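# Results of the structural survey
Residues per chain, in single letters:
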Amino acid sequence: MLSNIAQGEERRPTNEPALEITTSTLILHGLIRGENMELGRDSDTGGQVKYVVELARALGSMPGVYRVDLLTRQVSAPDVDWSYGEPTEMLPPRNSDGLMDEMGESSGAYIVRIPFGPRNKYLPKESLWPYIPEFVDGALNHILQMSKVFGEQVGGGHPVWPVAIHGHYADAGDAAALLSGSLNVPMLFTGHSLGRDKLEQLLRQGRLSKEEINTTYKIMRRIEAEELALDASEIVITSTRQEIEEQWRLYDGFDPVLERKLRARIRRNVSCYGRFMPRMVVIPPGMEFHHIVPHDGDMDGETEGNEDQPTSQDPLIWTEIMRFFTNPRKPMILALARPDPKKNLTTLVKAFGECRPLRELANLTLIMGNRDDVDEMSSTSASVLLSILKLIDKYDLYGQVAYPKHHKQSDVPDIYRLAAKTKGVFINPAFIEPFGLTLIEAAAYGLPIVATKNGGPVDILRVLDNGLLIDPHDEKSIADALLKLVADKQLWAKCRQNGLKNIHLFSWPEHCKTYLSRIAGCKPRQPWWQRSDDGDENSESDSPSDSLRDIQDISLNLRFSMDGEKNSSSVNADSPLESDDRKTKLENAIFSWSKGVAKGPQKAGLSEKADHNSSAGKFPALRRRQHMIVIAVDFDDISDIFSSARKIFDAVEKERNEGSIGFILATSFTLAEIHSFLISGGLSPADFDAFICNSGSDLYYSSPNSEDNPFVVDLYYHSHIEYRWGGEGLRKTLVRWAGSIIDKKGENEEQVVTEDEKISTNYCYSFKVRNPGKASLLIL
């Protein structure tokens, strides 16, 4: 999820300024729309889709939230509905009484569909990995455009930048990590189901080898994305404590014990630099309950209608289910899950078939998504369905098991009501359930529940106290729990009452309050780091850049371009820089210089036109530049750097004198060495806007108003480095490694590599190679 925050005018009529938040949620796969969701259509369109859509809708109606954008994939394919190809779709709040009048322009919750991947083909999540960078580009463009729009509406003319990005599932986590780094905003992540845990479960089943699992599910790429998301996130939102203790502990980037120790150190204001773990926060998913009326009647004692209140006609889905049963008045055991092996429906049918007392007391209803023809289903889903049909035949369960072919999302409440009307039970027998939203739905309609002991149901039943936990691998455990609830009417009534009494704890308003409080706890970055005041250029306390601590891929912001932006409104159309001869002269100067370099890596590039707002602070020269040239080189002799720099200066002499072009020098040399050679080479520190030195560990800006100290250090750049900086541990490791490189000469030993303490700094550790002939031994 992406959240933007800015001070602006509140939507409601008041003279007081208010906090306005705009949010966008990232979910890349599945078919996403606001109404009539096709849950169960495939393995990608399940409970996660409903959760993310309802979260966006609920957040959009919270006080102080201006806008919520749910970013997903645009699908214009012949095998899916046209609505999935619409660029935007509004998500009106469920309870909108008087709210729409208070909302401002562009406010509310929206689904925003970003085109990426094949335009006319719906792809499963396992096939989307190569196209994630394309989604990131489209999402970044959308966010930049909307930041300006929101700035005009609620930001007083200043762009309203994100305060957090929230990715859902591994693929969106991968994308969110890249967006978080590019936009310099905190990231939130929700895994929903985790790759390492799924890998363990699949290996435990023994049906596929690790190689086959990876081929089918792209599981290693998924785990890689989850590790990246874990490392980039400030907060990981989970549904249960079990997800933290038993699932996230499998990852390299998280350890529950160490995480608790770090939190304790932080509370005591003890430095934790170099040791980072995201904060794990348990926030159960929410649900709308105001429209739900639990069914109080039963199959044997219906309330009679009268002239004023005639008995309403039964929903059509009831007839569709009841036609399967020989005795439709028996309690209904209801399972609502797609035909996926991990949902464990075959074990449920086996348990039902093996337990004769259960078969005599109850019916079984399996709502397994929608299908027209088994041959048109995916191979995995078709295999599960055929296995279930064979088990029905094996145990002769005809007249006792219902498995309708079709249902609409709007039918689901009626299905719950039917099960409650028969005094039935809802069951989730999945091998592992990250949360179990259907358990909360069932409880809201007055159904006791039986659920897997692996995952979120543990916490749900702890709160609701309305059912029993089972071992999903144990058929007898499943049958015994179902039989206990169906046969014991007092226990059934107690579980129903407990569920209805405690269900409000899982409401969307409660979820959103906790969610927004967690976002508010994240360190704000944009737009406060963007300053427009010029002030005193000698100030060392106010840096032109805040910590860019989460940058994962700077290439999202910069690309090598000799042209800049031809259509930029800030560049004069007849500028000499845009003429062919001027571009040719600059290109020739740079490339002829780079070809003549004999030693060391070198790079020179003209970046895109920099947004003047992004180079803010108290260094107005940087903000005025239309283009920046970064000279990133190293030579054995530093004088060669300035010889090369002069060639570039000459190539753009006019623009340099006008101030439209600025220069940054990046080198491994120390600032003292650079200063010394600047003077000896006849150059001034003012010829460059910034200096990246000490192998990238220090960033300085030129200060022409100070003769004694012409350089100003960027302290925020040091903050950027210190974030997750394990400097002392790194130094000890390097020293130990250097000590292991020894040149044996007879009985004597000589160290080939030694630490150079004279030129080492806090963030740059230097070493000397005493014997260059042994340099081939050095592998880093």
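Everything in this summary refers to the structure shown in the same document.

Cut-offs applied
Residues numbered from 1 in each chain as written. Predicted model: local features only at pLDDT ≥ 70, side-chain atom pairs only at ≥ 80, totals over all residues. Heavy atoms only, no water. Helix = DSSP H or I, 4+ residues; strand = E, 2+ residues; numbered from the N terminus. Buried < 20%, exposed > 50% of the residue type's maximum accessible area, 1.4 Å probe, protein only. Contact = heavy atoms within 4.5 Å. Areas by Shrake-Rupley, 256 points an atom, 1.4 Å probe, with all protein chains shown as cover. Expected span 1.5 Å × (residues − 1). Patch = residues over 30% accessible without salt bridge, like charges linked within 9 Å, V, L, I, M, F, W, Y side chains within 5 Å. Salt bridge = Lys/Arg side-chain N within 4 Å of Asp/Glu carboxyl O. Lys, Arg positive; Asp, Glu negative; His and termini not counted. Charge placed at Lys NZ, Arg CZ, Asp CG, Glu CD. Arc of directions from axis to C-beta. Pairing = 2+ DSSP bridges. Axes fitted to C-alpha atoms, helices over the stretch in contact; angles between N-to-C directions. Core = buried A, V, L, I, M, F, W, Y, C linked by side-chain atoms within 4.5 Å.

Each helix and strand in the protein chain was counted, giving 26 helices and 25 strands. Looking at the protein chain as a whole, 54% of its 780 residues are labelled buried. For the protein chain, contacts bridging at least 24 residues in sequence account for 70% of all contacts bridging at least 6. About 35900 Å² of surface is accessible on the protein chain, with carbon and sulfur atoms providing 48% of the total.

Attention now goes to helix 18 (residues 489-502). End to end, helix 18 covers 20 Å across 14 residues, agreeing with the expected 20 Å (1.5 Å per residue, within 8%). Looking at the buried positions of helix 18, the neighbouring elements they touch are helix 14 (412-421), strand 13 (425-428), helix 15 (437-444), helix 16 (457-464), strand 15 (467-470) and helix 17 (475-487).

Turning our eyes to something else, we now look at a positive patch on the surface. A cluster of basic side chains, namely Arg-267, Arg-268, Arg-279 and Arg-518, defines a positive patch on the protein surface. Mapped onto the elements, Arg-518 comes out in helix 19 (residues 508-520).

End to end, helix 26 (residues 727-740) covers 20 Å across 14 residues, agreeing with the expected 20 Å (1.5 Å per residue, within 8%). All of the buried residues in helix 26 are Gly-727, Leu-734 and Ala-738. Along the axis of helix 26, the buried positions cluster into a sector of 35 degrees, meaning they face one direction only. On its buried face, helix 26 sits against strand 23 (748-751), strand 24 (753-755) and strand 25 (767-769).

Now for the side chain of Asn-466. Mapped onto the elements of the fold, Asn-466 is located in the loop between helix 16 and strand 15. Given the relative accessible area of 0%, Asn-466 is considered buried. Apart from the residues lying within four places of it in its own chain, the contact partners of Asn-466 are Ala-443, Leu-447, Pro-448, Ile-449, Leu-461, Cys-495 and Gly-499.

Bringing the pairing of strand 3 (residues 65-73) into the picture now. Of all 9 residues that make up strand 3, 9 are buried, and the element is covered over most of its length. Relative to strand 5 (residues 108-114), strand 3 runs parallel, the two sharing 7 bridges. Bridge pairing links Leu-70 to Ile-111 in strand 5.

Note on pairing: side chains with opposite charge can pair once their charged atoms come close. This model, assessed by the stated rule, comprises 22 salt bridges. Here Asp-44 and Lys-125 are joined by a salt bridge, their closest N and O atoms 2.6 Å apart. Of this pair, Asp-44 sits in the loop between strand 2 (18-26) and helix 1 (47-60) while Lys-125 sits in the loop between strand 5 and helix 3 (132-154), and the two are 81 residues apart along the sequence. For the salt bridge of Arg-67 with Asp-69, the shortest nitrogen-to-oxygen distance reads 2.5 Å. On the accessibility criterion, Asp-69 (2% relative accessible area) is buried.

Read across the open sheet, the 6 strands follow the order 12-11-10-13-14-15; overall the sheet is parallel. In this open sheet, the two edge strands, each paired with only one partner strand, are strand 12 (401-402) and strand 15. Where strand 13 and strand 14 (residues 449-452) come together, 3 bridges link them in parallel fashion. Paired with Asn-428 across the strands is Ala-451, a residue of strand 14. Of the strands in this sheet, strand 14 and strand 15 touch helix 16, which is tilted by about 160 degrees from strand 15.

Here we take up the nonpolar core. Core analysis: the largest hydrophobic core is formed by 73 residues, its most contacted members being Ile-321, Leu-348, Leu-366, Ile-440 and Leu-482. Apart from residues lying up to four places away in sequence, Leu-482 is in contact with Ile-333, Leu-348, Leu-358, Val-425, Ile-427 and Val-450. By size, the runner-up hydrophobic cluster in this structure holds 51 residues, among which are Leu-128, Ala-170, Ala-177 and Leu-183.

Once that is clear, we can look at a negative patch on the surface. Taken together, the side chains of Asp-372, Asp-373, Asp-375 and Glu-376 make up a negatively charged region of the molecular surface. Relative to the helices and strands, Glu-376 is located in the loop between strand 11 (363-367) and helix 13 (379-394). Judged by its relative accessible area of 63%, Glu-376 is exposed.

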